[in-house]
Amino acid sequence: MKFQAPRGTYDILPEDQAYWRFVTEMTRQVCELYGYERIDVPVFEQTGLFERGVGETTDIVEKEMYTFRDRSDERMTLRPEFTAGICRAYAERKLHGRPQPLRLYTIGPAFRYERPQAGRYRQFYQVDVEVLGSQDPAIDLEVMQVAWQIYEAVGIKGLSFQVNSTGCPACRPGYIATLKAWYEQHLDGICDDCRRRYGENPLRLLDCKRESCGKIAEGAPRIAKSLCGACNDHFVQLRSYLDALGRPYEVNHRMVRGLDYYTKTVFEVWAEGIGAQNAVCGGGRYDGLIGMVGGPETPAIGFASGIERIILTMKQEGIEPPEVPKPAVFVAYLGAEAKDAAVVLAQELRSAGVGAAALWEDRSLKAQMKQADRIGAAYTLIIGEEEVKNGVVMVRRMADSTQTALPRWEVLDAVKGGGTA
Ligand code: HAM
């Protein structure tokens, strides 16, 4: 019987871990720099949370959720994103009772039944950042800056922001009516999906990926003209902050995002050259979501960034992460008595915080030295019968191949601080 990883999933093999370690570590550092606290929410939640939160007519809810009935016959769904779960936690754990705004971040896997391709998977990892309890446009900017600084920290260049405002319950219905009226004359020219969107979710008409629909959408009335005073002021203020910081951005009136909870600001960060899946990050304001999932009405904003897409962009730009630290010391031995001494010595080193590796397969000295080279050890400690008899260890400094026989008790001091671990 042979098994395969499910379609759209992958293994992160040891040689790929340096990227993951670097991206998650830089994310942690940047989030802490801005005062964001880590939260972790369950990998699965009640299905209704996403149906309600993400929106019944979104692609995610209609086509992409991994939903199952558990053994108590309750409908559960593997999280397709984090925002709904974090809002559920905010309401359920009464996080609104804490000093506001609450700045949170998390990192973990999410699941969507999508058509896999480069940068698009069925299990993928997101860095997710949320600020709950503020409607100040300076917070919108702060959240966007967190994303930007994470990319800067991992060395990615050549990014730009796409921004738009999707309005609020006061002004959006008016815009949707205008949009629908305009599209009435274009129904023949749009795809079947768009005709369905026309009835179910007209804003999504604007971001259809088909070229012919895109051309039509270019001519559609723009939401900017329909924004109410409050939404317009908010958007103007955010753009003036972006200008002040000199961040490259484009107002993209066709960007409405694929989740229904957005209000006012929406944004994405695009990277050149990673193909059709060029959004390394997407986010926006969702001032109504917490109220919708049982909490007090609370304004909030956040973003999520696919770690695979960050790594893809890094590779595209030739950015190499720092190496994962390896043991500083390799312990080699020859003979049964020497092996006993080597087992004890290796353990003493590790207990003292010095990384130590060994083969333990009673291999030739040549094979052991080769392994020491392979792991890039700073020192190889060699114990043979002679060394055991004399209570010494042969300390070989790999950088210059010098060898010194040291008394057993001096070995730890000699190798301390000699390597990367
Ligand atoms: P989203 O645009 O659906 O937004 O996803 C955010 C990011 O996750 C995308 O820009 C992309 O980098 C990555 N991503 C999404 N789907 C996949 C996939 N199938 N494979 C690989 N990467 C993927 C959200 O998820 C919102 N919850 C973001 C948010 C947070 N809005 C407010 N707060």
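None of these values were measured; they are calculated from a predicted model.

## Considerations on the site of the ligand
Here's step 1: Of all residues adjacent to the ligand, which total 27 residues, the nearest are Glu81, Glu114, Tyr121, Glu130 and Tyr262.
Here's step 2: Within the side chain of Glu130, one N or O atom sits 2.8 Å away from a nitrogen atom of the ligand.
Here's step 3: The contact in question runs from an oxygen atom of the ligand to an N or O atom on the side chain of Arg257, over 2.9 Å.
Here's step 4: At the level of elements, β6 (123-132), β10 (279-285) and β11 (300-306) are the ones that each hand at least two residues to the shell around the ligand.
Here's step 5: Here the shell around the ligand gets six residues from one element, more than from any other, and that element is β10.
Here's step 6: Among the residues making up the shell around the ligand, the classes are represented as eleven nonpolar, eight polar and eight charged.

## A look at the sheet that holds strand β3 (residues 67-69)
Here's step 1: Taken in spatial order, the three strands line up as β2-β4-β3 in an open sheet, and their pairing is antiparallel. One side of each edge strand has no neighbouring strand; the edge strands of this open sheet are β2 (44-46) and β3. Neighbour-to-neighbour, the strand axes of the sheet open up by a mean angle of 35°, direction not taken into account.
Here's step 2: Relative to strand β4 (residues 75-78), β3 runs antiparallel, the two being bridged by three bridges. Counterpart to Thr67 in the pairing with β4 is Thr77.
Here's step 3: Here helix α2 (residues 47-54) sits on the sheet in contact with β2, β3 and β4, set at roughly 80° to β2.

## Some remarks on the packing of aromatic side chains
Here's step 1: This model, assessed by the stated rule, comprises 13 aromatic pairs.
Here's step 2: Ring centres 6.5 Å apart and planes at 70° place the aromatic pair Tyr34 and Tyr36 in the edge-to-face group.
Here's step 3: Among the residues examined, Tyr34 registers a relative accessible area of 21% and is labelled partly exposed.
Here's step 4: Among the aromatic residues, those joined into a cluster by ring pairs are Tyr10, Trp20, Tyr121 and Tyr125.

## Topic: the nonpolar core
Here's step 1: Residues Tyr151, Tyr183, Phe303 and Met314 are the most contacted members of the largest nonpolar core, which totals 63 residues.
Here's step 2: It is helix α5 (residues 137-154) that provides the largest number of residues to this core, a total of ten residues.
Here's step 3: Setting aside residues no more than four positions away along its own chain, Phe303 makes contact with Val127, Asp128, Val129, Glu130, Val143, Val146, Ala147, Ile150, Phe267, Cys281, Gly282 and Gly283.
Here's step 4: Core analysis: the second largest hydrophobic core is formed by 28 residues, Val61, Met65, Ile86 and Val293 among them.

## Overview of the state of the cysteines
Here's step 1: In this structure the tally under the stated criterion is zero disulfides.
Here's step 2: Sulfur of Cys171: no disulfide; nearest cysteine sulfur belongs to Cys228 and is 3.7 Å away.
Here's step 3: The exposure class of Cys171 is buried, given its relative accessible area of 7%.
Here's step 4: Counting only cysteine sulfurs, Cys191 is the nearest neighbor of Cys213, a cysteine outside any disulfide, at a range of 3.7 Å.
Here's step 5: Assessed through its relative accessible area of 1%, Cys213 is described here as buried.

## Details of the side chain of His253
Here's step 1: With respect to the element layout, His253 can be found in the loop between β8 (249-251) and β9 (263-271).
Here's step 2: The class of His253 is buried, set by a relative accessible area of 11%.
Here's step 3: At 2.9 Å, the side chain of His253 forms a polar contact with the side chain of Arg222.
Here's step 4: Excluding residues that lie within four positions of it along the chain, His253 makes contacts with Asn164, Leu206, Ala217, Glu218 and Arg222.

## Quick look at the pairing of β10
Here's step 1: Counted residue by residue, β10 has seven buried out of seven residues, so it is predominantly covered.
Here's step 2: The pairing of β9 with β10 spans six bridges and is classified as antiparallel. Bridge pairing links Val269 to Cys281 in β10.
Here's step 3: Both β10 and β11 contribute to a ladder of five bridges, which runs antiparallel. Its bridge partner being in β11, Cys281 is matched across the sheet by Ser305.

## Some words on helix α6 (residues 172-183)
Here's step 1: Counted at 1.5 Å a residue, the expected span for α6 with its twelve residues is 16 Å, and the 16 Å between its end C-alpha atoms agrees.
Here's step 2: The inward-facing, buried residues of α6 abut α7 (192-200), α8 (211-218) and β9.

## Structural notes on the domain arrangement of the chain
Here's step 1: Here the domain parsing of the chain yields domain 1 (14-171 + 227-316) and domain 2 (329-417).
Here's step 2: Its C-alpha centre places domain 1 at a distance of 50 Å from the equivalent point of domain 2.

## A look at a nonpolar patch on the surface
Here's step 1: A grouping of Val43, Phe44 and Phe68 is seen on the molecular surface, where their side chains present a nonpolar patch of about 240 Å² in accessible area.
Here's step 2: Structurally, Phe68 is set in strand β3.

Rules used in this analysis
- Residues numbered from 1 in each chain as written.
- Predicted model: local features only at pLDDT ≥ 70, side-chain atom pairs only at ≥ 80, totals over all residues.
- Heavy atoms only, no water.
- Near = heavy atom within 4 Å.
- Polar contact = N/O pair within 3.5 Å; in protein donor to acceptor, adjacent residues only side chain to side chain.
- Helix = DSSP H or I, 4+ residues; strand = E, 2+ residues; numbered from the N terminus.
- Nonpolar A, V, L, I, M, F, W, Y, C, P; charged D, E, K, R; others polar.
- Pairing = 2+ DSSP bridges.
- Axes fitted to C-alpha atoms, helices over the stretch in contact; angles between N-to-C directions.
- Contact = heavy atoms within 4.5 Å.
- Phe/Tyr/Trp six-rings, centres within 6.5 Å; stacked < 30°, edge-to-face > 60°.
- Buried < 20%, exposed > 50% of the residue type's maximum accessible area, 1.4 Å probe, protein only.
- Core = buried A, V, L, I, M, F, W, Y, C linked by side-chain atoms within 4.5 Å.
- Disulfide = S-S within 2.5 Å.
- Expected span 1.5 Å × (residues − 1).
- Domains from an automatic or database assignment.
- Patch = residues over 30% accessible without salt bridge, like charges linked within 9 Å, V, L, I, M, F, W, Y side chains within 5 Å.
- Areas by Shrake-Rupley, 256 points an atom, 1.4 Å probe, with all protein chains shown as cover.
- Salt bridge = Lys/Arg side-chain N within 4 Å of Asp/Glu carboxyl O.

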